[in-house]
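# An overview of the molecular structure
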Amino acid sequence: MGFCNSCGKPMSRGDELGTNEDGSKNEYYCIDCFQNGEFTEPDLTLQDMIVKKAKEMLDKNPDLREEDATGLLMYFLPNLKRWNPKFDEEVNHYQSNKRGYRQMD
Ligand SMILES: [Zn+2]
């Protein structure tokens, strides 16, 4: 199904999806990050998220080096919808490119 566009957590089951104000599922964000149409931690910054997720990764993988965990997150998280102000623009651009290729077939 994809992954959360706030924390990057993989979401495979419907009950891992966040919820909109009207109770429907939000396919962009997980239930930990997004409930009832709002971020659970609206003041969290990208930097906070990187620190938080790096700590989780290090807890799970004691052999991982902190700079490797942080480096991976700094590469991955800024592209997610919550943190990337150009996300919708880039998705539209990508989709229009895809249409372009299909037309060439
Ligand atoms: Zn999340």
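Check the entry above for the structure.
If you're wondering where the values come from, they're calculated on a predicted model, not measured in any experiment.

From N to C terminus, the protein chain includes three helices and four strands. Starting at the N terminus and ending at the C terminus, the protein chain contains elements arranged as β-β-β-β-α-α-α. For the protein chain, with 105 residues in total, the buried portion stands at 15%.

To continue, consider the nonpolar core. In terms of nonpolar packing, the biggest core is built from 12 residues, these being Cys4, Cys7, Leu17, Tyr29, Cys30, Cys33, Phe34, Met49, Ile50, Ala54, Leu73 and Leu77. Every element with two or more residues in this core is listed here: strand E2 (25-30) and helix H1 (46-60). Excluding residues within four positions of it along the chain, leucine 73 makes contact with Ile50, Lys53 and Ala54.

Here the focus is the packing of H1 against helix H2 (residues 66-76). The contact between H1 and H2 brings their axes to 9 Å, and the two run at 130 degrees. Taken together, the axis directions place H1 and H2 in an arrangement best described as oblique. Both H1 and H2 take part in a crossing whose hand is right-handed. Only Glu66, Ala69, Thr70, Leu73 and Met74 of H2 make contact with H1, whose side of the interface consists of Ile50, Lys53, Ala54, Met57 and Leu58. Grouping the constituent residues of the contact of H1 with H2 by class yields seven nonpolar, one polar and two charged.

The next subject is unusual backbone geometry. Notably, asparagine 36 is not glycine yet its phi reads approximately 55 degrees, a positive angle. Note on placement: asparagine 36 falls in the loop between strand E3 (34-35) and strand E4 (38-39). With 12 C-beta atoms packed within 10 Å, asparagine 36 lands in the exposed category.

Calculation notes
- Residues numbered from 1 in each chain as written.
- Predicted model: local features only at pLDDT ≥ 70, side-chain atom pairs only at ≥ 80, totals over all residues.
- Helix = DSSP H or I, 4+ residues; strand = E, 2+ residues; numbered from the N terminus.
- Buried ≥ 20, exposed ≤ 12 C-beta atoms within 10 Å, placed from the backbone.
- Core = buried A, V, L, I, M, F, W, Y, C linked by C-beta atoms within 7 Å.
- Contact = placed C-beta atoms within 7 Å.
- Axes fitted to C-alpha atoms, helices over the stretch in contact; angles between N-to-C directions.
- Parallel < 35°, antiparallel > 145°, perpendicular 65-115°, else oblique.
- Left-handed = near helix turned anticlockwise from the far one by under 90°.
- Nonpolar A, V, L, I, M, F, W, Y, C, P; charged D, E, K, R; others polar.

Remember, this is a structural readout, not a statement about activity or role.
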